[in-house]
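What follows is the residue order along each chain.
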Amino acid sequence: RIGAFLMGGGGLFLGIVTFAAAPWISHVLLGAGFDQVIPVLRILALLPVIISLTDSVGMQYLLPRGRESIVNRVVLGGGFVSLALAFVLAPRYQHIGMASAVVIAEAFVCGVLAYVVFRMTSRDGEAAVAERPGEPGEEEFVGALSGGDD
């Protein structure tokens, strides 16, 4: 939980700094005449927050529990969402549409992984879904990490 809090806080800090410093970043890195980059940077400033939540909620919870297939399917679905939104938004809204498509797709991945984790946990936070046959349980995973035959 501390790691999730630190990642979320770091993502929030980075997002706020990127949003606030977008004009300065544009001027320093690209020079004058690239003011159209500022709204794109401000939209993309949401990504550190969303990605830190995705990693904290989804990746740090699901992967250690042997749920790689769920994560892979959700991330692949996010790729399809991103492509579909790019085809719809980029032609009409150009750079703003493409930045929005990326943020929406990443938010989709975050939301679905959060929903999966929510469904997998009971009210007291313990796993409510039994391990599927053939998949390693949490005890085997922790035992393999410690090097013991617990």
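Here the structure is shown first, and the text comes after it.
Attention here is on the structure that accompanies the text. (Residues numbered from 1 in each chain as written. Predicted model: local features only at pLDDT ≥ 70, side-chain atom pairs only at ≥ 80, totals over all residues. Heavy atoms only, no water.)

**Regarding the overall build of the chain**
In terms of helices and strands, the chain carries five helices and zero strands. When the helices and strands of the chain are listed from N to C terminus, the series reads α-α-α-α-α. In the chain, buried positions account for 30% of the 150 residues. Once local pairs closer than 6 in sequence are excluded, the contacts in the chain between residues at least 24 apart make up 66%. (Helix = DSSP H or I, 4+ residues; strand = E, 2+ residues; numbered from the N terminus. Buried < 20%, exposed > 50% of the residue type's maximum accessible area, 1.4 Å probe, protein only. Contact = heavy atoms within 4.5 Å.)

**With respect to the packing of helix α3 (residues 46–62) against helix α4 (residues 68–120)**
Contact geometry for α3 and α4: axes closest at 8 Å, N-to-C directions at 25 degrees. Classified by the interaxial angle, the pair formed by α3 and α4 is roughly parallel. For the pair α3 and α4, the sense of crossing is left-handed. Looking at the contact of α3 with α4 residue by residue, the class counts come to 22 nonpolar, two polar and one charged. (Axes fitted to C-alpha atoms, helices over the stretch in contact; angles between N-to-C directions. Parallel < 35°, antiparallel > 145°, perpendicular 65-115°, else oblique. Left-handed = near helix turned anticlockwise from the far one by under 90°. Nonpolar A, V, L, I, M, F, W, Y, C, P; charged D, E, K, R; others polar.)

**A short note on helix α1 (residues 2–30)**
Along α1, the sharpest kink reaches roughly 65 degrees, centred on Ala 21 and followed within four residues by the proline Pro 23. Three or more residues of α1 are buried, namely Gly 8, Gly 11, Gly 15, Thr 18, Ala 21, Ala 22 and Ser 26. In the stretch just after α1, Gly 31 is the one whose phi turns positive, near 90 degrees. (Bend = angle between axes of the 7 residues up to and from the residue.)

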